[in-house]
Amino acid sequence: MMTQVEIIQPGLYSSIQDLGRYGYREFGVPTSGAMDRQAAKLANLLLKNEPEAALLEITLQGPKMAFFGAAKIAITGARLSPELDGVELENNQVVNVLPGQVLGFGKRKSGYRAYLAIKGGFQTGKVLGSRSWYAGVTPNSRLEKGMKLPFLETEPESVFRFSSVKVDEHIASVVVEALPGPEFELLQPSEKEALQKWRFSAAKESNRMGIQFQEKLENKLEAVLTGPVLPGTVQLTPSGTLIALMRDGQTTGGYPRILQLTETGINTLVQKLPGEKIGIKLVEYSQLKK
Amino acid sequence: MSDFPKIKRMGERAVLVEFEPEISPETLEKVLKLKKFLQEKLIKQKVEVTSAYNSLIINYLLRIEDVYNEVCGLLEEFSGANIDEIIESELFHVPVCYDDVFGLDLGEISKAKNLSEKEIIRLHSSVDYLVYFTGFLPGFLYLGGLPQKLHFSRRSHPRKKVRKGAVGIGEKQTGIYPQTSPGGWNIIGNSPVKLFDPGADKPCKISAGDRLRFYQVDLEEHQRILELVKRGEFSIKSEKL
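Residues numbered from 1 in each chain as written. Chains lettered and ligands numbered in written order. Predicted model: local features only at pLDDT ≥ 70, side-chain atom pairs only at ≥ 80, totals over all residues.

1. Some thoughts on the overall build of chain A
Helix and strand content of chain A: four helices and 20 strands. Taking 19 Å as the expected radius of gyration for a compact globule of 290 residues, we find that chain A reaches 20 Å, a close match to that expectation. With the C-alpha coordinates aligned to their principal axes, the bounding extent of chain A is approximately 60 × 40 × 35 Å. Looking at chain A as a whole, 51% of its 290 residues qualify as buried. Within chain A, counting contacts between residues at least 6 apart in sequence, those at least 24 apart form 77% of the total. (Helix = DSSP H or I, 4+ residues; strand = E, 2+ residues; numbered from the N terminus. Rg over C-alpha atoms; globule rule 2.2 N^0.38 Å. Buried ≥ 20, exposed ≤ 12 C-beta atoms within 10 Å, placed from the backbone. Contact = placed C-beta atoms within 7 Å.)

2. Quick notes on the overall build of chain B
Along the backbone of chain B there are five helices and 14 strands. Since a compact globule built from 241 residues should have a radius of gyration of about 18 Å, the 20 Å found for chain B is in line with a globular shape. Every one of the 241 residues in chain B was classed for burial, and the buried ones make up 38%. Taking contacts inside chain B between residues at least 6 apart in sequence as the whole, the part at least 24 apart equals 63%.

3. Some remarks on the interface of chain A and chain B
Many structure descriptions define interface size as the accessible area lost when the parts assemble. Facing the 30 residues of chain A at the interface are 35 residues of chain B. By residue class, the composition of the side of chain A that touches chain B is 14 nonpolar, twelve polar and four charged. (Nonpolar A, V, L, I, M, F, W, Y, C, P; charged D, E, K, R; others polar.)

4. Quick look at the pairing of strand β3 (residues 55-59) of chain A
All names here are of chain A. Counting buried residues along β3, five of its five residues qualify, which places the element largely inside the surrounding structure. Both strand β2 (residues 13-17) and β3 contribute to a ladder of five bridges, which runs antiparallel. Residue pairing in the sheet places S15 in a bridge with E57 of β3. Where β3 lies against strand β10 (residues 110-118), four bridges are found, and the strand directions are antiparallel. Bridge pairing in β10 links I58 to A114. (Pairing = 2+ DSSP bridges.)

5. Describing the sheet that holds strand β13 (residues 199-201) of chain A
Residues and elements named next belong to chain A. With respect to topology, seven strands assemble into an open sheet ordered β13-β20-β12-β19-β16-β17-β14, the strand pairing being mixed. Of all the strands in the sheet, the pair left with one neighbour each is β13 and β14 (210-212). In this sheet, neighbouring strand axes are inclined to one another by 35° on average, regardless of whether the strands run parallel or antiparallel. In terms of strand pairing, strand β12 (residues 175-180) meets strand β20 (residues 277-282) through four bridges, oriented parallel. If you follow V176 over to β20, its bridge partner there is I280. (Axes fitted to C-alpha atoms, helices over the stretch in contact; angles between N-to-C directions.)

6. Considerations on the packing of helix α1 (residues 25-41) of chain B against helix α2 (residues 67-81) of chain B
Residue and element names in this part refer to chain B. Following both chains from N to C, one finds α1 and α2 inclined at 120°, their axes separated by 11 Å at the closest point. Between α1 and α2, the angle falls in the class oblique. Once α1 is placed against α2, the crossing between them reads as right-handed. Taking contact as the criterion, the partners of L34, F37, L38 and K41 in α1 are, on α2, L74, F78 and A81. (Parallel < 35°, antiparallel > 145°, perpendicular 65-115°, else oblique. Left-handed = near helix turned anticlockwise from the far one by under 90°.)

7. Some details on the nonpolar core
Residues and elements named next belong to chain A. Ranked by internal contacts, the top residues of the largest apolar core, which has 129 residues, are A43, L55, Y115, L116, A117 and A244. Per-element accounting of this core gives the leading share, six residues, to β10. With residues up to four places along the chain from it excluded, the contact list for L55 reads Q17, A40, A43, N44, Y115, L116, A117, G121 and F122. (Core = buried A, V, L, I, M, F, W, Y, C linked by C-beta atoms within 7 Å.)

8. Quick word on the domain arrangement of chain A
Residue and element names in this part refer to chain A. When cut into domains, chain A gives domain 1 (2-167) and domain 2 (173-287). One C-alpha centre belongs to domain 1, the other to domain 2; they are set 28 Å apart. Across the boundary between the two partners, domain 1 contributes 16 residues, which contact 14 residues of domain 2. Secondary structure elements with two or more residues in the side of domain 1 that touches domain 2: α1 (37-46) and β10. No other element matches β10, which puts three residues into the side of domain 1 that touches domain 2. Taken together, the residues of the side of domain 1 that touches domain 2 break down into five nonpolar, seven polar and four charged. (Domains from an automatic or database assignment.)

9. Focus on the pairing of strand β12 (residues 186-190) of chain B
Residues and elements named next belong to chain B. In terms of burial, β12 is a largely internal element, five of the five residues being buried. As paired elements, strand β9 (residues 166-170) and β12 share four bridges and run antiparallel to each other. Among the inter-strand pairings, V167 is bridged to a residue of β12, identified as G189.

10. Structural notes on the sheet that holds β10(A)
Residue and element names in this part refer to chain A. An order of β2-β3-β10-β5-β8 is seen for the five strands of this open sheet, with the pairing classed as antiparallel. Every other strand in the sheet has two partners, leaving β2 and β8 (94-97) as the edge strands with one partner each. Ignoring which end each strand starts from, the neighbouring axes of this sheet average 25° apart. Its contacts with the sheet place α1 against β2, β3, β5 (71-79), β8 and β10, and it is angled at close to 155° to β5.

See the structure below:
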């Protein structure tokens, strides 16, 4: 039976996401989907959901919500001190929720983005094959007070815990993996060196569309003819700003694409707070695991 | 032998193919022929092909053994295939209201270019623009063919909010904002048509390779079309090319 969870407080920024919207980039539609796909996949795996089940992506400061029906949930990714009726919960385990119970979040302990998955997945509407929220494509783009998210009621049953040390490795990592982008070879040797030696940190302006770095890399690269880009493409602007395009990033761009983050690289980067230092680890294509 | 197309890896699951770095109908034709060939060869659910002026990305959604070699093989097959077929395209007639209510920067362009507003409107709606690709925002068309007299640099201070349907000029380009967004182009009018419909099976009726011509409508007609669009009763006039 369909039931709902009602949002009492929206928190900082939360949205419904799945693994993304495919087949529409040629019409200018971003892929969207969970920023940290690894954490999102784990949350669904714990509940034995389909990998593409819709879940809630929570940024830094979590929402408060009341369940109208029984549910099984799992929280992964950032540790944001989740609590059910005031009792603290751990990440990476399945939790039974009874009708009327209230889920809230507290202080951040690690990471930046957490994932709340629910048995069966949130049943919000699909647009162009995906439930991921994105302004201009879906009616909603962020969680707001009073919203009701539908889900299928589940019977409570015995739950298990997941050893959670290994699964959070990418969140603790301070190294972001990147491959050379199409315009990497246009960089001077000193610029290439700076990329690998420097420590970078996300600027406050960063969001689901792109993560900008605070540190500037002076360069003499010329603009390129606007070409396609991907989530994880790192562009370098004439003023030296590095912009890593993220899941909601635009589909084409005219700045030199100097790096392409690996999937793990993206998943690590999106877990960093603005100001938190990371290094870029350049990987060669020949080093990629087959 | 030409250096093009160039094939470059782009991350773990994608390959970039680049033709000569130029904006021309001939290069676009090469891009679109290859795109069509790849989309027919590859299963759409597993591979996404996105194109721009002179390049395209072939993005595998699942990681396969060796993306690079598979694409190289396909390109070889493509170059040997001698594809002569013409890419099907349509000419779309798009209404624009150039009234002062919408044409916020018409006066400025008129002064700077020493052209009357009437002349700007005539020039802007006198050519068939070529759609090179869709990017930036869902349904945002990159159009080529803006008459040289209308080339005009972007605004030094972009607007925080450009309204949906705004028709603008930025450098050598003209285009329509499919949704309200920040924007640095000079706004000369507004089109009431829907360029992106997430509820439709094919969300954009107009796509790369098509042509587009603007025609002038007055405020009243703009309003009338807007109402029809809202009710889902307006379709953009078009003809096969």
